[in-house]
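Chain by chain, the residues run as shown.
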Amino acid sequence: MYVLKASLGGSDWWSVGKYKEVRGRHAPDTFTPSGADIHENNQKLDFGTFYASKTFRDVPKRRAVLFGWVDYGCPGT
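In this text the structure is predicted, and so the values were computed from the model without any measurement.

Peer 1: Break down the pattern of salt bridges for me, citing the residues and quoting the values.
Peer 2: As enumerated under the stated definition, the model contains 3 salt bridges in all. Lys5 is the partner of Asp12 in a salt bridge, and the nearest nitrogen-oxygen pair spans 3.0 Å.

Peer 1: Pulling in residues and values, what's your account of unusual backbone geometry?
Peer 2: A positive phi angle, near 55 degrees, is found at Arg62, a position not held by glycine. Locating Arg62 in the fold gives a position in the loop between strand 4 (50-58) and strand 5 (63-70). Given a relative accessible area of 74%, Arg62 falls into the exposed group.

Peer 1: For a nonpolar patch on the surface, give the residues involved together with the corresponding values.
Peer 2: A contiguous nonpolar patch, built from Tyr51, Phe56, Phe67 and Trp69 and spanning about 420 Å² of accessible area, is present on the exposed surface. Only strand 4 and strand 5 provide two or more residues apiece to the nonpolar patch. Structurally, Phe56 is set in strand 4.

Peer 1: Break down the layout of surface pockets for me, citing the residues and quoting the values.
Peer 2: Volume-wise, the largest pocket comes out at about 290 Å³. What lines the largest pocket is simply Met1, Tyr2, Val3, Lys5, Trp14, Leu45, Thr55, Arg57, Ala64, Val65 and Leu66. For the lining of the largest pocket, the elements supplying multiple residues, two or more each, are strand 1 (2-8), strand 4 and strand 5.

Peer 1: For the environment of Gly35, give the residues involved together with the corresponding values.
Peer 2: With respect to the helices, strands and loops of the structure, Gly35 is situated in the loop between strand 3 (30-33) and strand 4. For Gly35, a relative accessible area of 53% gives the class exposed. For the pair formed by Gly35 and Ser15, sequence separation is 20 residues and the distance between their alpha carbons is 7.5 Å.

Basis of the calculations
Residues numbered from 1 in each chain as written. Predicted model: local features only at pLDDT ≥ 70, side-chain atom pairs only at ≥ 80, totals over all residues. Heavy atoms only, no water. Salt bridge = Lys/Arg side-chain N within 4 Å of Asp/Glu carboxyl O. Helix = DSSP H or I, 4+ residues; strand = E, 2+ residues; numbered from the N terminus. Buried < 20%, exposed > 50% of the residue type's maximum accessible area, 1.4 Å probe, protein only. Patch = residues over 30% accessible without salt bridge, like charges linked within 9 Å, V, L, I, M, F, W, Y side chains within 5 Å. Areas by Shrake-Rupley, 256 points an atom, 1.4 Å probe, with all protein chains shown as cover. 1 Å grid on protein atoms, 1.4 Å probe; cavity = no way out; pocket = protein on both sides within 12 Å on 5 of 7 lines; lining within 4 Å. Points joined across faces, edges and corners; volume = space filled by probe spheres on them.

So this is what it looks like as structure tokens:
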């Protein structure tokens with residue numbers, strides 16, 4: 001299983017599914033969602049004060065890491 005994270009309209013969305021690499025210069029890879037599709041509006045990743053999320057692979061620990069920014073408003077700043 002893979003997680004697809006995509007940006008659309010200023011927001012980030014996610015979907016779980018199967019990824020298939022297609023060999024060949026002119027053939028696109030495919031992602032098939034196993035549950036809800038990414039455009040069904042119930043899998044939004046950025047909302048409220050959490051925004052601009054980014055991901056990276058932590059190869060030594062065999063994990064993906066997601067982080068983002070939070071606008072929490074510090075008093076006195």
